[in-house]
Amino acid sequence: MLIRTPKDWELPESVVTPESAYELRPRRDFLKTIGLGLAGAALGGRDLLGATGGFPSKENPDYPASALKPTAYEYITGYNNFYEFGTDKAEPRVAAGKWQPEPWTVELAGLIRNPAKIDVNDLIKQVGGLEQRVYRMRCVEAWSMVIPWDGFQLSKLVALADPLPEAKFVKLTTLLDPKNMPGQRQRSLDWPYVEGLRLDEANHELAFIATGIYGKPIPNQNGAPLRLVVPWKYGFKGVKSIVKIEFVAKQPMNTWRQMQASEYGFLANVNPNVDHPRWSQASERIIGAGGAFGARQKTLMFNGYEKQVAALYQGVDLRKFY
Ligand code: MTE
């Protein structure tokens, strides 16, 4: 990963104030606010901001916005890693601006009883619609955000696919489209971007497929129209713009491990006690907080989700990041 090693200033947590705290608003209100309500209706209800339906979504009371201070929308959608659209954090928003990820089909394949190629909007209907959850997000580069996602629990998609007993892992693949994804014409990564989970991780309540942010369809630069969110793992697990979800018997190779196995693993669980070979993982820079000086906070084991997920890793040596 192209990394700027974080500066080692430390600020007390008391100075940490998000740039602004947004309220989660139903999408219809948002459209009204920006004056697109009628235009949206004229397009048969099709979103002008993205391909997916299912909005407005309801807050899941187990993951409320009131529990964490969400990062401002401008930071979540303006400071991105999406190498298909450039390696600089500010590039994806601009370079993916005109990209049209619709219509969009997702393929369910591999060791399952229900292989299918399914339109993303049908998929959202089949999993029972969208919900909102506010999750912490911790990038392996030692920065963090708090993101109000809209989407659905990955386990619902797994149930739809109905894996065979031989299926032990899930492999998720991003679209390969060098014509429209300029970064794929460079060799910055081995394309297409691939990530994977163990099947029991994919079935964990926290594993999520996001199709929105702040109650609106997910912007292109954040992985439209659907991306993975695994809040107890480093952000690179969150594969964007997924076209294929495959159930396999063996642990799949994931893109960053393929690039640099000594630095990026498969499990990739957030762990403040195991440093990246080139920098500490003990603390993180909070994006959008602390003004010009930035602000840091201690990184939590499993990114704060230890109680929920520690049982998944009994017997696993957590000092090994793969
Ligand atoms: N998915 C694809 N297809 N390509 C990428 O470059 N970057 C990953 C992950 N998913 C990436 C990707 C990394 S390193 C991070 S930290 C998160 O997306 C960033 O998500 P965000 O830009 O929505 O914050």
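The structure displayed is predicted, hence computed values, not measured ones.

Undergrad: Hey, could you run me through the site of the ligand in this one?
TA: Around the ligand, the surrounding shell holds 17 residues, and the nearest of these are Asn-80, Tyr-83, Glu-84, Gly-238 and Lys-240. In this structure, an oxygen atom belonging to the ligand sits 3.2 Å away from a main-chain N or O atom of Asn-81. In the complex, the protein chains occlude 100% of the 540 Å² of accessible area that the ligand would expose alone. The class makeup of the residues in the shell around the ligand is eight nonpolar, six polar and three charged.

Undergrad: So what exactly am I meant to see when it comes to the pairing of strand E6 (residues 169-174) here?
TA: When a strand is regular, its side chains alternate between the sheet's two faces. By the criterion of burial, E6 is predominantly enclosed, with five of the six residues buried. Direction of pairing for E6 relative to strand E7 (residues 194-198): antiparallel, over a ladder of five bridges. The residue of E7 that forms the bridge with Leu-172 is Glu-195.

Undergrad: Explanation requested: the sheet that holds strand E3 (residues 116-119) in the structure shown.
TA: Strand pairing in a sheet takes place through backbone hydrogen bonds and is either antiparallel or parallel in direction. Read across the open sheet, the five strands follow the order E3-E2-E11-E6-E7; overall the sheet is mixed. Two strands close off the open sheet at either side, each with one partner strand: E3 and E7. Adjacent strand axes in the sheet meet at a mean angle of 20 degrees, parallel and antiparallel pairs treated alike. Across four bridges, the pairing between strand E2 (residues 105-110) and E3 is antiparallel. Among the inter-strand pairings, Val-106 is bridged to a residue of E3, identified as Ile-118. Helix H6 (residues 154-161) contacts E2, E7 and strand E11 (242-248) of the sheet and is inclined by roughly 65 degrees relative to E11.

Calculation notes
Residues numbered from 1 in each chain as written. Predicted model: local features only at pLDDT ≥ 70, side-chain atom pairs only at ≥ 80, totals over all residues. Heavy atoms only, no water. Near = heavy atom within 4 Å. Polar contact = N/O pair within 3.5 Å; in protein donor to acceptor, adjacent residues only side chain to side chain. Areas by Shrake-Rupley, 256 points an atom, 1.4 Å probe, with all protein chains shown as cover. Nonpolar A, V, L, I, M, F, W, Y, C, P; charged D, E, K, R; others polar. Buried < 20%, exposed > 50% of the residue type's maximum accessible area, 1.4 Å probe, protein only. Helix = DSSP H or I, 4+ residues; strand = E, 2+ residues; numbered from the N terminus. Pairing = 2+ DSSP bridges. Axes fitted to C-alpha atoms, helices over the stretch in contact; angles between N-to-C directions. Contact = heavy atoms within 4.5 Å.

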